[in-house]
Amino acid sequence: MKIRILLLAGGQSGEHEVSLNSAKSILSNLPEDRFEVTPVVITKHGKWLSLPESQQALTAGQAESGGEMLLSAAGMAGEHHVVFPVLHGPMGEDGTVQGFLTLAGIPFVGSGVLGSAVCMDKIMTKQALAAAGIPQVPWAAISRSDWKKNPEQVMDIAGDLGYPIFVKPANMGSSVGISKAKHADELEQALGLAFHYDRRVILEAMTREKPREVEVGILGNDDPKASVVGELSFDSDFYDYETKYTDGLAQMHIPAHIPAEVQTRIQEYALKAFKALDCAGLARVDFFYLPQSGELYLNELNTMPGFTRTSMYPKLWEASGIGYSELVTQLVELALEER
């Protein structure tokens, strides 16, 4: 009997379109002899589209209005053996959908409520990583009320970290809402953009030397394994949304040209973080590597990374000996494991 998969895509976050592209790749690469896949697209307003509407949305690359509310779709999800929530960002990758599926007793691909929620929230991630002894760049957390009540104190905190400084929404992915403030005059504008996406913001200091951005894939549940390490290079000031999703602006180098000892340390830190944050199934773990000093800083864990055939996560596993179709198959099998 074929395994029936409900493939969830779209969602209410700023990464809606990225999710649709990931879902199209997964849909076209799941072995038809083993799986029966039903794609369901969630609109930006939280409605679940019917199968014909979902197929139309995947083809068009965007979801129009329509569909049913979430609870009306519970029966639809329950008719499947497993759910693959290829949802990126808030209201999909942050424990919300995972909580709903857990409550409904439906197996799903990826981390559970705790791992998803903690990894989505940059502030909680950094606190957990600090407790696990994993190196990070200096940082500070700021709330919208902090900024309104005492902007001078926020300016002082930023000054102590030192400019230039990165300003990021606590809960967002794909570099949405991130700015680089080169001096105090740019900080207010950067905070305004970040607070548009979240009421909590993180300030991050830059490294002493220009870092290389390296990434590693993790696959597994209680006994996970790490892929080879890849590297991203680009000419823009930092890896922003435009650079990430515009063809030709960023290049992947897989495997990364780094010393073997550095790759081993990256893999070890990534596996340690994966377990410390109670992740499951998959994650892409991003680091800053300083070649002159040899220092490593963990930047973030992405519990549902981009999944097109040209995305970093599947490319890392392809270079590690696991092709795209086999990778997706293993993820479904991991979701069905009893944990």
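The structure displayed is predicted, hence computed values, not measured ones.

### What to know about the overall build of the chain
Check the secondary structure of the chain and you find 13 helices and 12 strands. What you see for the chain is a C-alpha radius of gyration of 20 Å, in line with the 20 Å of a compact globule of 339 residues. Viewed in the frame of its principal axes, the chain has a C-alpha envelope of about 60 × 45 × 40 Å. Taking all 339 residues of the chain together, 53% fall into the buried category.

### A look at the packing of aromatic side chains
For the structure shown, the criterion picks out 4 aromatic pairs. Measuring from centroid to centroid gives 6.1 Å for Phe-84 and Phe-307, while their planes differ by 85°, and the two rings are edge-to-face. Here the residue Phe-84 occupies a position in strand E3 (residues 82–85), and Phe-307 occupies one in the loop between strand E12 (295–302) and helix H12 (312–319), the gap between them amounting to 223 residues. For Phe-84, a relative accessible area of 1% translates into the label buried. Since its relative accessible area comes to 0%, Phe-307 is described here as buried. With a centroid separation of 5.7 Å and 50° between ring planes, the pair formed by Phe-307 and Tyr-313 is classed as tilted. In this pair, the class of Phe-307 matches that of Tyr-313, namely buried. One aromatic cluster is present, formed by Phe-84, Phe-307, Tyr-313 and Tyr-324 through successive ring pairs.

### Details of the pattern of salt bridges
Under the defined criterion, the tally for this structure stands at 11 salt bridges. Measuring nitrogen to oxygen at the nearest pair gives 3.0 Å for the salt bridge that ties Glu-204 to Lys-126. In this pair, Glu-204 is assigned in strand E7 (residues 200–205) and Lys-126 in helix H6 (residues 122–131), connecting sequence segments 78 residues apart. Neither residue differs from the other here; Glu-204 and Lys-126 are each classed as buried. With a closest N to O distance of 2.9 Å, Arg-284 and Asp-286 form a salt bridge. Taking the relative accessible area as the measure of exposure, Arg-284 reaches 10% and is therefore buried. Taken together, the salt bridges that share partners define one network made up of Lys-126, Lys-168 and Glu-204.

### So, the sheet that holds strand E1 (residues 3–10)
Overall, parallel pairing links the 3 strands, which are arranged E2-E1-E3 in an open sheet. Only two strands of the sheet have a single partner each, and these edge strands are strand E2 (35–42) and E3. When strand polarity is set aside, the average angle formed by the axes of neighbouring strands in this sheet is 25°. Sheet analysis places E1 next to E2, joined by 8 bridges and oriented parallel. Counterpart to Arg-4 in the pairing with E2 is Glu-36. Where helix H13 (residues 324–336) meets the sheet, it contacts E1, E2 and E3, and its direction lies at approximately 125° from that of E3.

### So, the nonpolar core
Ranked by size, the top nonpolar core spans 32 residues in total, and within it Ile-26, Phe-84, Phe-307 and Leu-331 carry the most contacts. Contributing elements (two or more residues each) for this core: E1, helix H1 (16–29), E2, helix H2 (51–60), E3, H12 and H13. With 7 residues, H13 is the largest single contributor of residues to this core. In contact with Ile-26, other than residues within four places in its own chain, are Leu-7, Phe-84, Val-86, Phe-307, Tyr-324 and Val-328. Judged by nonpolar contacts, the second largest core, of 25 residues, contains Ile-134, Phe-274, Leu-296 and Leu-298.

### Observations concerning the environment of Thr-102
Locating Thr-102 in the fold gives a position in helix H4 (residues 96–104). Using a relative accessible area of 47% as the deciding quantity, one classes Thr-102 as partly exposed. Considered as a pair, Thr-102 and Gly-112 are 10 residues apart in the sequence and their alpha carbons are 8.0 Å apart. Apart from residues no more than four positions distant in its own chain, Thr-102 is found in contact with Phe-108 and Val-113.

### Some points on the pairing of E3
Because side chains alternate across E3, one face comprises the buried residues Val-82 and Phe-84, and the other comprises Val-83 and Pro-85, equally buried. With 4 bridges connecting them, E1 and E3 associate as parallel partners. Each bridged residue has a counterpart across the sheet, and for Leu-7 the counterpart in E3 is Phe-84.

### Re the confidence of the model for the chain
Low pLDDT marks regions whose predicted coordinates should not be analysed in detail. Taken residue by residue, the chain gives an average pLDDT of 90. The fraction at 70 or more is 91%. Element-level mean pLDDT values for the chain span from 56 in helix H10 (residues 241–245) up to 98 in helix H11 (residues 260–276).

Scoring rules and cut-offs
Residues numbered from 1 in each chain as written. Predicted model: local features only at pLDDT ≥ 70, side-chain atom pairs only at ≥ 80, totals over all residues. Heavy atoms only, no water. Helix = DSSP H or I, 4+ residues; strand = E, 2+ residues; numbered from the N terminus. Rg over C-alpha atoms; globule rule 2.2 N^0.38 Å. Buried < 20%, exposed > 50% of the residue type's maximum accessible area, 1.4 Å probe, protein only. Phe/Tyr/Trp six-rings, centres within 6.5 Å; stacked < 30°, edge-to-face > 60°. Salt bridge = Lys/Arg side-chain N within 4 Å of Asp/Glu carboxyl O. Pairing = 2+ DSSP bridges. Axes fitted to C-alpha atoms, helices over the stretch in contact; angles between N-to-C directions. Contact = heavy atoms within 4.5 Å. Core = buried A, V, L, I, M, F, W, Y, C linked by side-chain atoms within 4.5 Å. pLDDT = per-residue confidence, 0-100.

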